[in-house]
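Okay, here's what each chain looks like letter by letter:
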Amino acid sequence: MPVKNQALKQSSVKHYENISYETLAASWLLNDGWEVYQPMIDHGMKTDLLIADGQKHYRIQIKTLEANDENALVENKWGDANIDFVIYFSKKGNWGYITKPFKQRTKPLKSKGHIRFHQDQQPFARAFELI
């Protein structure tokens, strides 16, 4: 069995966790038939994933939540960047939400139009079709 011989810095652990959710969303979208692209850097355009259906492209921002409370307020971390969807993953629960970006500084996660999904491929695909 392989053994990790090097402890990761806390900043690296956080980065690895975030990338794992981006990769998970990418694999679910690929499995659903989308073309999926991952930008090399997302700081300027705030795009974690770029998906296409063959004709139209959509920019997606992936966010994680430390809370297990679906009544949480979520922050606009993308500013005025031109993105199409935000996907929130709970790190402590087995659920997430898909939403269109919002302009306010904060907004309740369970707002009207935010689509909840169970963290599994089929429920995610069904939720993504509803947005």
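Residues numbered from 1 in each chain as written. Predicted model: local features only at pLDDT ≥ 70, side-chain atom pairs only at ≥ 80, totals over all residues. Heavy atoms only, no water.

1. Quick notes on the sheet that holds strand 1 (residues 35-37)
If you trace the 6 strands from one edge of the open sheet to the other, you get 1-2-3-5-6-8, paired in mixed fashion. Since the sheet does not close on itself, it has two edges, and those belong to strand 1 and strand 8 (115-118), each with one partner. The sheet shows a mean angle of 25° between the axes of neighbouring strands, taken without regard to direction. Along the sheet, helix 1 (residues 10-31) contacts strand 1, strand 2 (49-52), strand 3 (57-65), strand 5 (85-90) and strand 8; its crossing angle with strand 3, the most-contacted strand, is approximately 135°. Strands in contact with helix 2 (residues 121-130) are strand 2, strand 3, strand 5, strand 6 (95-99) and strand 8; relative to strand 8, the strand with the most contacts, it is inclined by about 165°. (Pairing = 2+ DSSP bridges. Helix = DSSP H or I, 4+ residues; strand = E, 2+ residues; numbered from the N terminus. Axes fitted to C-alpha atoms, helices over the stretch in contact; angles between N-to-C directions. Contact = heavy atoms within 4.5 Å.)

2. Some thoughts on the packing of aromatic side chains
Counted under the stated rule, the structure contains 13 aromatic pairs. With centroids separated by 6.0 Å and ring planes inclined at 40°, the aromatic side chains of Trp28 and Phe89 adopt a geometry described as tilted. Highlighted residues: Trp28 in helix 1 and Phe89 in strand 5, separated in sequence by 61 residues. Accessibility classification places Trp28 together with Phe89 in one group, the buried group. Both rings, one in Trp28 and one in Phe124, keep their centres 5.1 Å apart while their planes meet at 45°; by these two values the pair is tilted. Separated by 96 residues along the polypeptide, Trp28 in helix 1 and Phe124 in helix 2 bring together distant segments of the chain. (Phe/Tyr/Trp six-rings, centres within 6.5 Å; stacked < 30°, edge-to-face > 60°. Buried < 20%, exposed > 50% of the residue type's maximum accessible area, 1.4 Å probe, protein only.)

3. Overview of the packing of helix 1 against helix 2
Helix 2 packs onto helix 1 with a crossing angle of 75° between their chain directions and a minimal axis gap of 10 Å. With respect to helix 2, the element helix 1 is oriented roughly perpendicular. For the pair formed by helix 1 and helix 2, the contact residues are Trp28, Leu29 and Asn31 on the first element and Gln121, Phe124 and Phe128 on the second. Taken together, the residues of the contact of helix 1 with helix 2 break down into 4 nonpolar, 2 polar and no charged. (Parallel < 35°, antiparallel > 145°, perpendicular 65-115°, else oblique. Nonpolar A, V, L, I, M, F, W, Y, C, P; charged D, E, K, R; others polar.)

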